[in-house]
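# Overview (structure and organization)
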Amino acid sequence: MSTETQKHNLDLPNAFADLDPLIAFLGASREKAVEVDCSTVAVMPSRCLQLLLGAEQQWRSEGLGFSVTNINGGCRRSLTLLGLEPNRFEDEETV
């Protein structure tokens, strides 16, 4: 098992952006700590949030690090609209 954190820049310029790169990244990063950078997220669609929450739960249940970083204003607004605290991922302690 690798101790190096795998990083992915989540590029979501709109609510209809393709999630295949995120899905491929998560699939290829199994058994490794991951960091998802949201600095270029304009809007986070609900299906993306579902992926991140599910992945977070899976990684943490396996004792692996999982973090969502650089959550910008657009991403925070999306989290709020989807019923989550805008600092949802920031409050979670990473392993």
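Scroll up to find the structure.
Let me sum up the structure you'll find in this document. The structure presented is a predicted model; accordingly, all values stated were derived computationally and were not measured.

### Remarks on the overall build of the protein chain
Within the protein chain one finds 3 helices and 3 strands. Secondary structure of the protein chain in N-to-C order comes out as β-α-β-α-β-α. Referenced to the eigenvectors of the C-alpha coordinate spread, the extents of the protein chain come out at roughly 35 × 25 × 20 Å. Counting over 95 residues, the protein chain shows a buried share of 38%. Accessible surface, the protein chain: about 5400 Å² in total, of which carbon and sulfur atoms supply 49%. Across the protein chain, the 8 positively charged side chains and the 14 negatively charged ones have centroids separated by 2 Å.

### Topic: the pattern of salt bridges
Inspection of the entire model under this criterion finds 4 salt bridges. Between lysine 7 and glutamate 35 there is a salt bridge, and its shortest N-O distance comes to 4.0 Å. Note that lysine 7 is positioned in strand β1 (residues 6-12) and glutamate 35 in strand β2 (residues 34-41), a separation of 28 residues in sequence. Take lysine 7: its relative accessible area is 61%, and that puts it in the exposed class. Using a relative accessible area of 18% as the deciding quantity, one classes glutamate 35 as buried.

### A closer look at the packing of helix α1 (residues 20-28) against helix α2 (residues 46-61)
Running from N to C, α1 and α2 cross one another at 10°; their axes reach a closest spacing of 11 Å. Of the possible angle classes, the one that applies to α1 and α2 is roughly parallel. In this structure, α1 uses Leu22, Ile23 and Leu26 to contact α2, whose residues at the interface are Cys48, Leu51, Leu52, Ala55 and Trp59. Broken down by class, the residue content of the contact of α1 with α2 amounts to 8 nonpolar, no polar and no charged.

### Observations regarding the nonpolar core
Grouped together as the largest cluster of nonpolar side chains are 24 residues, with contacts concentrated most on Leu10, Leu22, Cys38, Met44, Cys48, Leu52 and Phe66. Of all the elements in the fold, those that place two or more residues in this core are β1, α1, β2, α2, β3 (66-69) and α3 (73-81). Examining the composition of this core, we find that 5 residues originate from one element, α2, more than from any other. With near-sequence residues (within four places) excluded, leucine 10 lies in contact with Leu22, Val36, Asp37, Cys38, Thr40, Val41, Met44, Cys48 and Leu52.

Rules behind the numbers
- Residues numbered from 1 in each chain as written.
- Predicted model: local features only at pLDDT ≥ 70, side-chain atom pairs only at ≥ 80, totals over all residues.
- Heavy atoms only, no water.
- Helix = DSSP H or I, 4+ residues; strand = E, 2+ residues; numbered from the N terminus.
- Buried < 20%, exposed > 50% of the residue type's maximum accessible area, 1.4 Å probe, protein only.
- Areas by Shrake-Rupley, 256 points an atom, 1.4 Å probe, with all protein chains shown as cover.
- Lys, Arg positive; Asp, Glu negative; His and termini not counted.
- Charge placed at Lys NZ, Arg CZ, Asp CG, Glu CD.
- Salt bridge = Lys/Arg side-chain N within 4 Å of Asp/Glu carboxyl O.
- Axes fitted to C-alpha atoms, helices over the stretch in contact; angles between N-to-C directions.
- Parallel < 35°, antiparallel > 145°, perpendicular 65-115°, else oblique.
- Contact = heavy atoms within 4.5 Å.
- Nonpolar A, V, L, I, M, F, W, Y, C, P; charged D, E, K, R; others polar.
- Core = buried A, V, L, I, M, F, W, Y, C linked by side-chain atoms within 4.5 Å.

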